[in-house]
Amino acid sequence: MDGAFGLTIKNGTETRLMGTIGDTIALDSLITDAAGITVVDIPSSFLNIGNSIVINDPLILSTHLQIIGDFDNGEISFNNSVDSGIGLKDLLIKLVDNSTITFAQDVGSQVQLKNLKIFSSPNSHAIINASEIKTSNDQIWGADITINSPTDALTMTGRNFQMDGWIRSENAGEEELSINASGNAILKNSIGDNNQTLADLSISSVLDLDLSSDEITVDGFINIDSPVVLKNDATLKASNLNLQSTIDNGGFNLTTDVSGLATGNLFGGVISGSGDFINNGSGLIEFSSCLLYTSPSPRDGLL
């Protein structure tokens, strides 16, 4: 199906897409109504849309799906659930400058996806109004993320994670974010900046967490049970801080700013590297392991 026009599908039962859309000429837009379901069943399928994609009914992937949003200031909206059909399937989305993608409900909560990968250009934005996003393999988020879950808690589960943009709560101090990964995770940008702090942040079961974020700010707790490698100077701001594994500062400075009680602020693993460790908060820090520094000596004001 081709043509530089908009397509609106109204069907109260099942709409099954069985042919490539926009292979030669991108459609201007694709909209489905909220009734029924939409099933993508296209071998090597992709949707090439020039302006907007709005899927209002539940979307089931019976095959891998690649979506190309070939537009500036465009819109891709999944206003209902997204799940795999038989066998786990990929959802791959390519955004361009200043475009927005919205997940209004859960992804993979009924049948998890295989991979969810969003490839982006500058100033693209993902709005997550869901409580769960679940994949068996990888999640790549190439866009900035704003969270506004109906439960005020978003759980992201997969193998490997790569978060390229900033992550913020729609309303300051409202949203909890939990990342459960059985592989590696990369955080490349700030979390909770712009006065849009998260409520809590929990990162668990990760083999290695590469932290390029210069700032992570939450109102409640930061709980990380995985080995951390700093790729940038980082500041962790929270009421309570619980880092349960090793930290390799990689020559970068780690600053903590906590206000909670000593029993809530724990470093459970060895801290190593030539960077500085700085505590600016009023809360006390408890160390259950030795601190290792390769620098000659701590600076004034360091613990």
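Each remark here, short or long, concerns the structure printed above.
Everything quoted here is computed from the prediction, not taken from an experiment.

Conventions we followed
- Residues numbered from 1 in each chain as written.
- Predicted model: local features only at pLDDT ≥ 70, side-chain atom pairs only at ≥ 80, totals over all residues.
- Heavy atoms only, no water.
- Helix = DSSP H or I, 4+ residues; strand = E, 2+ residues; numbered from the N terminus.
- Buried < 20%, exposed > 50% of the residue type's maximum accessible area, 1.4 Å probe, protein only.
- Contact = heavy atoms within 4.5 Å.
- Areas by Shrake-Rupley, 256 points an atom, 1.4 Å probe, with all protein chains shown as cover.
- Salt bridge = Lys/Arg side-chain N within 4 Å of Asp/Glu carboxyl O.
- 1 Å grid on protein atoms, 1.4 Å probe; cavity = no way out; pocket = protein on both sides within 12 Å on 5 of 7 lines; lining within 4 Å.
- Points joined across faces, edges and corners; volume = space filled by probe spheres on them.
- Nonpolar A, V, L, I, M, F, W, Y, C, P; charged D, E, K, R; others polar.
- Pairing = 2+ DSSP bridges.
- Axes fitted to C-alpha atoms, helices over the stretch in contact; angles between N-to-C directions.
- Core = buried A, V, L, I, M, F, W, Y, C linked by side-chain atoms within 4.5 Å.
- Phe/Tyr/Trp six-rings, centres within 6.5 Å; stacked < 30°, edge-to-face > 60°.
- Lys NZ or Arg CZ within 6 Å of the ring centre and 35° of its normal.

J.: Is there a simple way to explain the overall build of the protein in this structure?
T.: The number of helices and strands found in the protein is 0 helices and 34 strands. Per-residue burial for the protein yields a buried fraction of 48% across its 303 residues. For the protein, restricting intrachain contacts to residue pairs at least 6 apart in sequence, the fraction spanning at least 24 positions comes to 38%. If you sum the accessible surface of the protein, you get close to 12,400 Å²; carbon and sulfur atoms cover 47% of it.

J.: Got a minute to help me understand the pattern of salt bridges in this structure?
T.: A side chain with one charge may pair with a side chain of the opposite charge, provided their charged atoms come close. Considering all chains together, one arrives at 4 salt bridges under this definition. In this structure, the salt-bridge partner of Glu14 is Arg16, at a minimum N-O distance of 3.0 Å. The exposure class assigned to Glu14 is partly exposed, which follows from its relative accessible area of 37%. On the basis of relative accessibility, which here comes to 36%, the residue Arg16 falls in the partly exposed class. Each of Glu14, Arg16 and Asp41 takes part in salt bridges that share partners, so that together they form one network.

J.: Where do I start with empty space enclosed by the protein in this structure?
T.: Unoccupied space between atoms shows up once a probe the size of one water molecule is rolled over them. By the definition in use, this model includes 2 cavities of 30 Å³ or more. By volume, the largest cavity amounts to about 70 Å³. If you trace the largest cavity, you find 14 residues lining it, with Leu17, Leu30, Thr38, Leu47 and Ile55 closest to the centre. Secondary structure elements with two or more residues in the lining of the largest cavity: strand E2 (14–17), strand E3 (27–32), strand E4 (37–40), strand E5 (45–55) and strand E7 (65–69). Ranked by residues supplied to the lining of the largest cavity, first place goes to E5 with 3 residues. Its residues placed into classes, the lining of the largest cavity shows 11 nonpolar, 3 polar and no charged.

J.: Even after reading the chapter, I still don't get unusual backbone geometry, so can you show me in this structure?
T.: Glycine aside, a negative phi is what most residues show, and trans is what most peptide bonds show. Here Asp152, not a glycine, exhibits a phi torsion of approximately 60°, which is positive. Structurally, the position occupied by Asp152 is in the loop between strand E16 (144–147) and strand E17 (153–158). The partly exposed category is assigned to Asp152, whose relative accessible area is 31%. The backbone of Ser205 sits at a positive phi, close to 65°, despite the residue not being glycine.

J.: It is not clear to me how the environment of Gly142 should be interpreted in this structure. Could you clarify?
T.: Its location among the elements puts Gly142 in the loop between strand E15 (139–141) and E16. Residues Gly142 and Gly165, spaced 23 residues apart in sequence, show a C-alpha to C-alpha distance of 6.3 Å.

J.: Sorry, what's going on with the pairing of E2 here?
T.: Consecutive residues of a regular strand have side chains that alternate between opposite faces of the sheet. Side chains Thr15 and Leu17 of E2 all project onto a buried face; the interleaved residues Glu14 and Arg16 project onto a face where none is buried. Note: E2 against E4, 4 bridges, orientation parallel. Of the residues in E4, the one forming a bridge with Arg16 is Val39.

J.: I keep staring at the sheet that holds strand E24 (residues 215–217) and nothing clicks. Help me out?
T.: Note on sheets: strands pair through backbone hydrogen bonds, and any given pair is parallel or antiparallel. Strand order in this open sheet of 4 strands is E24-E27-E30-E33, and the pairing throughout is parallel. Because the sheet does not close on itself, it has two edges, and the strands there are E24 and strand E33 (277–279). For this sheet the average axis-to-axis angle between neighbouring strands, irrespective of direction, equals 10°. Alignment of strand E27 (residues 234–238) against strand E30 (residues 254–258), held across 5 bridges, turns out to be parallel. Within the sheet, the bridge partner assigned to Leu236 lies in E30 and is Thr256.

J.: Would you mind going over the sheet that holds strand E25 (residues 221–224) with me for this structure?
T.: Overall, parallel pairing links the 8 strands, which are arranged E14-E17-E20-E22-E25-E28-E31-E34 in an open sheet. The sheet terminates laterally at strand E14 (132–134) and strand E34 (286–287), the two strands that pair on one side only. As paired elements, strand E20 (residues 176–181) and strand E22 (residues 200–204) share 5 bridges and run parallel to each other. Bridge pairing in E22 links Leu177 to Leu201.

J.: It is not clear to me how the nonpolar core should be interpreted in this structure. Could you clarify?
T.: As a rule of thumb, soluble globular proteins bury nonpolar side chains together. By size, the foremost hydrophobic cluster in this structure holds 70 residues, and its most contacted members are Phe78, Leu91, Ile93, Phe103 and Trp141. With sequence-adjacent residues up to four places away left out, Ile93 is seen in contact with Ile67, Ile76, Phe78, Ile101, Phe103, Lys117, Ile118 and Phe119.

J.: Would you mind showing me how to read the packing of aromatic side chains here?
T.: Tallied over the full model, the rule gives 5 aromatic pairs. Centroid distance Phe267 to Phe277: 5.2 Å. Interplanar angle 90°. Geometry classified as edge-to-face. Taken together, the positions of Phe267 in strand E31 (residues 266–267) and Phe277 in strand E33 put the pair 10 residues apart, joining distant regions of the chain. Neither residue differs from the other here; Phe267 and Phe277 are each classed as buried. The positively charged end of Arg168 is found above the aromatic ring belonging to Trp166, 3.7 Å away from the centroid.

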